[in-house]
Amino acid sequence: MSTISFAASDMLVLAKRSLLRVRRQPDLLVGYTVQPIMFVLLFLYVFGGAIKVPGLDYVNFLMPGIIVQSMVFGGFVTALGLSDDLKKGLIDRFRSLPMWTPAVVAGRTLGDVALNVVQLAIMLAVGILVGFRFSTSVGEVVLGLVLVLFIGYAFSWVFAFLGLVAKSPESANAYGFTVLFPLTFVSSAFVPVASMPSWLQPIAENNPFTIMVNAARALFVGLPAGDDVWLAFAWGAGIALLFGLLAVWRFRRAVAG
């Protein structure tokens, strides 16, 4: 077996293990199902009447932002799982096995992609029920789906790194939400940037999350994209590369210790 196929096999085994944990702890699915649905209903029916988007129904403005936000937070299971494995000493057992060492982390993030597919299907179903409609070509919609899943994969590496530096699963979860929650709200996800205070607008406009949401809107509902689509892919690749290297470095230090 070649080195690449050996590494891929290890990743798939660890990804399956990550998914089996969710089956044994179905409460973890709350973050992938109930929470995003609650965000949709709250923003649409509680705040939606007060938020005006010129030329666009608020539901069509909201759904791409909610979807991207949900994908970003889809890696929380990886943070919890890695932190829990470190705490219980399971990482030491993995170290003794004849396996590709980074597969422990890479398998986790790969498992997140499968969970994000489920989450995305639920989000789209709920969105269509409340009035969301695609208004672009099939090719653009498919590219948009690929983009949001890629964004979710990139941020899974952020959660992987946080899970490896945290002292406990609880603190890993807290770190992720503390760091990323403000990022998602100070953006164009829920309100137009132009409606924000003048001092906050430059921050929101240059927020990578705004670029990602604008790219998803362009591909889903046809808003002008400019350079946002390729920039969103570039940001995703950069985040995945940076935090992938950091996560693997941190994991190697953990198993070496």
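Residues numbered from 1 in each chain as written. Predicted model: local features only at pLDDT ≥ 70, side-chain atom pairs only at ≥ 80, totals over all residues. Heavy atoms only, no water.

A. Seen up close, the overall build of the protein chain. Helix and strand counts for the protein chain come out as 11 helices and 0 strands. The order of helices and strands in the protein chain, counted from the N terminus, is α-α-α-α-α-α-α-α-α-α-α. Every one of the 257 residues in the protein chain was classed for burial, and the buried ones make up 51%. Considering only contacts in the protein chain between residues 6 or more positions apart, those separated by 24 or more positions represent 80%. In the structure as shown, the protein chain presents an accessible area of about 11,900 Å², 69% of it carried by carbon and sulfur atoms. (Helix = DSSP H or I, 4+ residues; strand = E, 2+ residues; numbered from the N terminus. Buried < 20%, exposed > 50% of the residue type's maximum accessible area, 1.4 Å probe, protein only. Contact = heavy atoms within 4.5 Å. Areas by Shrake-Rupley, 256 points an atom, 1.4 Å probe, with all protein chains shown as cover.)

B. Focus on the side chain of Ser 188. When you line up the elements, Ser 188 lands in the loop between helix H8 (169-185) and helix H9 (201-205). Assessed through its relative accessible area of 5%, Ser 188 is described here as buried. Those residues in contact with Ser 188 that lie beyond four places of it in its chain are Phe 61, Val 193, Thr 210, Val 213, Asn 214 and Arg 217.

C. Highlighting the packing of aromatic side chains. According to the stated counting rule, one finds 14 aromatic pairs in the structure shown. Seen in terms of ring centroids, Tyr 153 and Trp 157 are 6.3 Å apart; in terms of plane orientation they differ by 90°. Their pairing is edge-to-face. A residue pair is termed a helical-turn pair when its members lie 3 or 4 positions apart in one helix, as Tyr 153 and Trp 157 do in helix H7 (residues 138-165) at 4 residues. Here Trp 157 falls in the buried class, since its relative accessible area comes to 8%. What links up through ring pairs into an aromatic cluster is the set Phe 39, Phe 43, Phe 73, Phe 159, Phe 181, Phe 185 and Phe 190. Across the ring face of Phe 61, the terminal group of Arg 217 is positioned such that the distance to the ring centre comes to 3.6 Å. (Phe/Tyr/Trp six-rings, centres within 6.5 Å; stacked < 30°, edge-to-face > 60°. Lys NZ or Arg CZ within 6 Å of the ring centre and 35° of its normal.)

D. Representation of the side chain of Asp 112 in the model. Along the chain, Asp 112 turns up in helix H6 (residues 103-129). An unpaired buried charge is present at Asp 112: no salt bridge exists, and Arg 108, the closest side chain of opposite charge, is 7.2 Å distant. A distance of 2.5 Å separates a polar atom in the side chain of Asp 112 from a polar atom in the side chain of Thr 78. Contact partners of Asp 112, with chain neighbours within four places excluded, come to Tyr 32, Gly 74, Gly 75, Val 77, Thr 78 and Ser 156. (Lys, Arg positive; Asp, Glu negative; His and termini not counted. Salt bridge = Lys/Arg side-chain N within 4 Å of Asp/Glu carboxyl O. Polar contact = N/O pair within 3.5 Å; in protein donor to acceptor, adjacent residues only side chain to side chain.)

E. Main features of H6. Under the 1.5 Å per step criterion, the end-to-end length of H6 is 39 Å for 27 residues, consistent within 8% with the ideal 39 Å. In the segment just after H6, Gly 131 is the residue with positive phi, at about 115°. (Expected span 1.5 Å × (residues − 1).)

F. Structural detail: the environment of Ile 122. When you line up the elements, Ile 122 lands in helix H6. The partly exposed category is assigned to Ile 122, whose relative accessible area is 24%. For the pair Ile 122 and Thr 33, spaced 89 residues apart in the sequence, the C-alpha separation amounts to 7.0 Å. If we ignore the near neighbours within four places in the chain, the residues touching Ile 122 are Tyr 32, Thr 33 and Ile 37.

G. Summary view of the packing of helix H3 (residues 58-72) against H6. Axis separation between H3 and H6 bottoms out at 10 Å; the angle between their running directions is 160°. The angle between H3 and H6 falls in the class roughly antiparallel. At the point where H3 passes H6, the crossing takes the right-handed sense. Note on element contacts: H6 touches H3 through Asn 116, Gln 119, Leu 120, Met 123, Leu 124 and Gly 127, opposite Met 63, Ile 66, Ile 67, Ser 70 and Met 71. When grouped by side-chain class, the residues that make up the contact of H3 with H6 number 7 nonpolar, 4 polar and no charged. (Axes fitted to C-alpha atoms, helices over the stretch in contact; angles between N-to-C directions. Parallel < 35°, antiparallel > 145°, perpendicular 65-115°, else oblique. Left-handed = near helix turned anticlockwise from the far one by under 90°. Nonpolar A, V, L, I, M, F, W, Y, C, P; charged D, E, K, R; others polar.)

H. Region of interest: the confidence of the model for the protein chain. Summing up the model confidence of the protein chain, the mean pLDDT is 85 and the portion of residues at 70 or higher is 90%. Put simply, helix H5 (residues 90-95) is where the protein chain has its lowest mean pLDDT, 66, and helix H10 (residues 208-221) is where it has its highest, 96. (pLDDT = per-residue confidence, 0-100.)

I. Examining the nonpolar core more closely. Ranked by size, the top nonpolar core spans 71 residues in total, and within it Tyr 58, Ile 67 and Val 68 carry the most contacts. Here this core gets 14 residues from one element, more than from any other, and that element is H7. The residues contacting Ile 67, other than those within four sequence positions of it, are Leu 120, Met 123, Leu 124, Val 148 and Phe 220. (Core = buried A, V, L, I, M, F, W, Y, C linked by side-chain atoms within 4.5 Å.)

J. Highlighting a nonpolar patch on the surface. A cluster of nonpolar side chains, namely Val 30, Val 34, Met 38, Leu 41, Leu 42, Tyr 45, Val 46 and Phe 47, defines an oily patch on the protein surface of about 750 Å² accessible area. With respect to the helices and strands, Met 38 occurs in helix H2 (residues 34-47). (Patch = residues over 30% accessible without salt bridge, like charges linked within 9 Å, V, L, I, M, F, W, Y side chains within 5 Å.)

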